[in-house]
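The residues making up each chain are set out below.
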Amino acid sequence: GAVMDNNAAGSGAYKAGFGGLFGGGAPEYSNTELAGVPLTGMSPLSPYLNVDPRYLVQDSDEFILPTGANKTRGRFELAFFTIGGSCMTGAAFGTLNGLRMGLKETRDMAWSKPRNVQILNMVTRQGASWANTLGSVALLYSVFGVAIEKARGAEDDLNTIAAGTLTGMMYKSTSGLKGVARGGLVGLALSGLYALYNNWDHLKGTAPSRY
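All values derive from a computational prediction rather than experimental measurement. (Residues numbered from 1 in each chain as written. Predicted model: local features only at pLDDT ≥ 70, side-chain atom pairs only at ≥ 80, totals over all residues. Heavy atoms only, no water.)

A.B. asks: I keep staring at the UniProt feature "transmembrane region" (unreviewed entry) in the protein and nothing clicks. Help me out?
C.D. replies: In this structure's numbering, the residues bearing the UniProt feature "transmembrane region" (unreviewed entry) are residues 78–99 and 179–197. Helix and strand shares over residues 78–99 are 100% and 0% respectively, and the end C-alpha atoms of the span are 31 Å apart. The span residues 179–197 shows a helical share of 100% and a strand share of 0%, and its end C-alpha atoms are spaced 27 Å apart. (UniProt positions renumbered as here; feature names shortened; annotations may be inferred. Helix = DSSP H or I, 4+ residues; strand = E, 2+ residues; numbered from the N terminus.)

So, in structure tokens, the structure goes:
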């Protein structure tokens, strides 16, 4: 028995020494000692980063905001994008519409330079007209939206509906009272649909993703 104990001790010393030679030596524990180590409630420590992964989970937004700044972009910041996007959309739609009209009006003509020039003129005219129309509407909507937001000191869907209604009324202001009323109704309907779409997730019971 003593000889076996000495052999076991020598074997353990040999393993420890051999492991320590390469920097990988670790103390050996018996099964009884390991059984007493609690496995639950242990911190999930990463063996590679030596950092608790729970501290790496970010529940908040990963960007820094100035003091007092809002997480969502205001109407003034969105105005430039709205106006520019509307102009580009109008130009693209007008170009396609002008091409369609040009081909329709010159379908009896043979392919020649006069026909190409006429189609090009139609495309240019329609593109500029639609870009100007949608850009003007977007400009009015942005101006009314920013003014109402500053006056009320709040940003909500009421500003959207009011700005849309006033935009329709102003755009049709040269068409008489009936035109103003008709433009206001169109603006009210479009802005109301946009507000409904913007809050559709909230109405369904989920968190909305705005901007």
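A.B. asks: What is the right way to look at the pattern of salt bridges in this model?
C.D. replies: When their charged atoms lie close together, side chains carrying opposite charge are able to pair. According to the stated counting rule, one finds one salt bridge in the structure shown. For Arg152, the salt bridge is made with Asp156, and the minimal N-O distance between the two is 2.9 Å. Here Arg152 falls in the partly exposed class, since its relative accessible area comes to 39%. (Salt bridge = Lys/Arg side-chain N within 4 Å of Asp/Glu carboxyl O. Buried < 20%, exposed > 50% of the residue type's maximum accessible area, 1.4 Å probe, protein only.)

A.B. asks: Would you mind going over the environment of Val146 with me for this structure?
C.D. replies: In this fold, Val146 is placed in helix α4 (residues 113–152). Separated by 68 residues in the primary sequence, Val146 and Leu78 place their C-alpha atoms 9.8 Å from one another. The residues touching Val146, leaving out its near neighbours within four places in the chain, are Arg75 and Phe76. (Contact = heavy atoms within 4.5 Å.)

A.B. asks: Even after reading the chapter, I still don't get helix α5 (residues 157–171), so can you show me in this structure?
C.D. replies: Helical geometry: 3.6 residues make up each α-helical turn, so side chains three or four residues apart lie on a common side. Its 15 residues give α5 an end-to-end C-alpha distance of 21 Å, which sits within 8% of 21 Å, the value for a rise of 1.5 Å per residue. Asp157, Asn159, Thr160, Ala163, Gly164, Thr165, Thr167 and Gly168 are the residues of α5 that are buried. If you follow the buried residues of α5, they end up packed against α3 (75–105), α4 and α6 (176–198). Where α5 begins, the capping side chain belongs to Asp156, and its oxygen is found 3.2 Å from the backbone nitrogen of Leu158. (Expected span 1.5 Å × (residues − 1). Polar contact = N/O pair within 3.5 Å; in protein donor to acceptor, adjacent residues only side chain to side chain.)

A.B. asks: How should I be thinking about the packing of α4 against α5 in this particular structure?
C.D. replies: Helix-helix packing is characterised by the crossing angle of the two axes and by the distance between the axes. Viewed as axis vectors pointing N to C, α4 and α5 meet at an angle of 135°, and their least axial separation amounts to 8 Å. On the basis of their axis angle, the class for α4 and α5 is oblique. In this structure, α4 crosses over α5, and the sense of that crossing is right-handed. Of the residues in α5, those in contact with Thr133, Val137, Leu140, Tyr141, Phe144, Gly145, Ile148, Glu149 and Arg152 of α4 are Leu158, Asn159, Thr160, Ala162, Ala163, Gly164, Leu166, Thr167, Met170 and Tyr171. Residue composition of the contact of α4 with α5, by class: eleven nonpolar, six polar and two charged. (Axes fitted to C-alpha atoms, helices over the stretch in contact; angles between N-to-C directions. Parallel < 35°, antiparallel > 145°, perpendicular 65-115°, else oblique. Left-handed = near helix turned anticlockwise from the far one by under 90°. Nonpolar A, V, L, I, M, F, W, Y, C, P; charged D, E, K, R; others polar.)

A.B. asks: What am I meant to see in the packing of aromatic side chains here?
C.D. replies: The description of two aromatic rings rests on the distance between their centres and on the angle between their planes. Taken as a whole, this structure holds one aromatic pair when the rule is applied. Each ring, one from Phe93 and one from Trp130, has its centre 4.7 Å from the other, and the planes form 80°; the classification is edge-to-face. Taken together, the residues Phe93 in helix α3 and Trp130 in helix α4 connect sequence positions 37 residues apart. (Phe/Tyr/Trp six-rings, centres within 6.5 Å; stacked < 30°, edge-to-face > 60°.)

A.B. asks: Help me understand α3, please; the structure alone is not making it clear to me.
C.D. replies: For α3, spanning 31 residues, the distance from its first C-alpha to its last is 42 Å, which sits close to the expected 45 Å at 1.5 Å a residue. The set of residues buried in α3 consists of Arg75, Leu78, Ala79, Ser86, Gly90, Gly94, Asn97, Gly98 and Gly102. For α3, the secondary structure elements touched by its buried residues are α4 and α5.

A.B. asks: Which parts of the structure should I look at to understand the side chain of Ser142?
C.D. replies: Note on placement: Ser142 falls in helix α4. Here Ser142 falls in the buried class, since its relative accessible area comes to 8%. In this structure Ser142 touches Ala79, Thr82 and Ile83, once residues within four positions along its chain are discounted.

A.B. asks: What should I look at first to understand a nonpolar patch on the surface in this one?
C.D. replies: Taken together, the side chains of Val186, Leu190, Leu193, Leu196, Trp200 and Leu203 make up a nonpolar region of the molecular surface, amounting to roughly 630 Å² of accessible area. In terms of residue count, the dominant contributor to the nonpolar patch is α6 (four residues). Its place among the elements puts Leu193 in helix α6. (Patch = residues over 30% accessible without salt bridge, like charges linked within 9 Å, V, L, I, M, F, W, Y side chains within 5 Å. Areas by Shrake-Rupley, 256 points an atom, 1.4 Å probe, with all protein chains shown as cover.)

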